[in-house]
Structure formats: C-alpha cells, structure tokens
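So the chains spell out like this:
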Amino acid sequence: GAVVSQHPSRVICKSGTSVKIECRSLDFQATTMFWYRQFPKQSLMLMATSNEGSKATYEQGVEKDKFLINHASLTLSTLTVTSAHPEDSSFYICSALSGSGEYNEQFFGPGTRLTVL
Amino acid sequence: GENVEQHPSTLSVQEGDSAVIKCTYSDSASNYFPWYKQELGKRPQLIIDIRSNVGEKKDQRIAVTLNKTAKHFSLHITETQPEDSAVYFCAATLWGGGADGLTFGKGTHLIIQP
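It should be emphasised that the depicted structure is a prediction, and the values quoted were computed from it without experimental measurement.

What counts and what doesn't
Residues numbered from 1 in each chain as written. Chains lettered and ligands numbered in written order. Predicted model: local features only at pLDDT ≥ 70, side-chain atom pairs only at ≥ 80, totals over all residues. Heavy atoms only, no water. Buried < 20%, exposed > 50% of the residue type's maximum accessible area, 1.4 Å probe, protein only. Helix = DSSP H or I, 4+ residues; strand = E, 2+ residues; numbered from the N terminus. Pairing = 2+ DSSP bridges. Contact = heavy atoms within 4.5 Å. Buried area = accessible area lost by both parts, 1.4 Å probe. Salt bridge = Lys/Arg side-chain N within 4 Å of Asp/Glu carboxyl O. Polar contact = N/O pair within 3.5 Å; in protein donor to acceptor, adjacent residues only side chain to side chain.

Q: Before we move on, can you summarise the pairing of strand 5 (residues 44-51) of chain A with the specific residues and values?
A: Consecutive side chains of a regular strand alternate in pointing toward one face of the sheet and then the other. Residues and elements named next belong to chain A. Buried residues dominate strand 5, accounting for six of its eight residues. Taken together, the seven bridges between strand 4 (residues 32-38) and strand 5 define a ladder with antiparallel strand orientation. Opposite R37, over in strand 5, you have M45 as the bridge partner. In sequence, strand 4 turns back onto strand 5 through a hairpin of five residues, with K41 there showing a positive phi of about 60 degrees.

Structural data, given as structure tokens:
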C-alpha cells in the first residue's frame, strides 16, 4: 500500500510555543489530506481537511487560527499548533487520500505525540 | 454531520471463539465503512472495509456485514488469536462526493483470553 510519513514522531515543547508537524505522502500524490487528533484512550477526531492549493476546511469546534494547515504541494501538508497549551497535548495523525471518486483509500501516517509542558 | 455509535466498548473472548463488534451510523448518504485495528501508540491499520453497494465482505477470519436500511454494520472475527487483541474502530464517510474525512466510533478494546 501507499506510504505516509509524519515528522516529528514525538515532540515536547513549552507552553506558549508553536509546533509544526509535517505529513508527507512518499509514493503517491495526494490532493487531499486529513488531520485527526486522538486523546489517550479515545477515538480519532477529524480536525480538518487539507486540500492542495486551497484553504483547509475545519470541523466545528476546531480553531483555525490555532491549528494552521498548509498544503502547499501534492505530497506535503503541515499542521502548526500555535501558542500550544497543555490541553493541546495529544496524538496527531494525518492521512492522505489516494485514488479518485468512490474508489479512493485513506492511508494514515504514524502519528506525532505532542506533549506541552 | 455523521455520528457513529460503536458497541461494546470492551469485549473479552476466549481464544478460538468469535468476536462481534457493532456500529450504527446516522447519515444515510454515507457510502464507505472501514474498520481499523489500532495498537497502542501506533497508526490505525485498515483491516477490512465495505461500500454501500455490498451487503457482506469476507477476508479469511474477518468479515463485515452492512444493513443500509437499519444503518448498521458489524465486524466479525472468527477463531480469535492472541494477536487479535487491540482496539478496533469503525468509521463512516461519504466518498465520491467531496472527499469527506472519516467519522470514527469510540472504539472497542478487544481482549483475547488465552
């Protein structure tokens, strides 16, 4: 199957700083990528849909000014958590859509564990 | 938007027995229903999926059934093995109409007792 990478895999930062997470599709082009957040022992929650060359679409309750998404190329989407606080500590997972129409498949990255002190 | 309910939250079965996890969804337009297995700290792994034009799909010990009328789909694992122990998530989305992201159920912690 297709490969999606994320960097970094783990990051610890101080409260108030910004953190950038990269999501790359390594062997296919993805016009659409998704960002999910998963708190401990909980499910994955969709944060936003990232479309190459256009603005991201955010889910209700997700602050677009806090979680900045940039999808500048067909293989890279970035999520920047601005002014991070301890409550932003979570597992952030991206996925990339491969294919088109009804027969596409979503491939997940390995996730990024963010800890805000 | 879509809402997915998943039951049970924890399921303990004896090795060799079958396990069944059930999900319901709210949006009748949803047409894609994947199941994921997630081990602690790792990415979700797609184990099987079903589209709305099919009622049942099987892959070795794993099967999924879909009842569109009832908006209900289930995961069946037969002859369970210790390595099946993990958290399983169902999900639903409408694909082909706008590349919507997945709405996940809350997950089922499957424990296989030796």
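Moving on from the model shown.
Q: Tell me about the interface of chain B and chain A, and name the residues and values.
A: Taken together, the contacts link 19 residues of chain B with 23 residues of chain A. Interface area for chain B against chain A, summed over the two sides, is near 1,700 Å², with a carbon-plus-sulfur share of 56%. In terms of surface lost to chain A, no three residues of chain B exceed R43(B), R51(B) and W95(B), which account for 32% of the buried area on that side. At the boundary of chain B with chain A, the tally comes to zero salt bridges. At the boundary of chain B and chain A, one finds five residue pairs in polar contact (both at pLDDT 80 or more). Contributions of two or more residues to the side of chain B that touches chain A are made by strand 4 (32-38) and strand 5 (45-51) of chain B.

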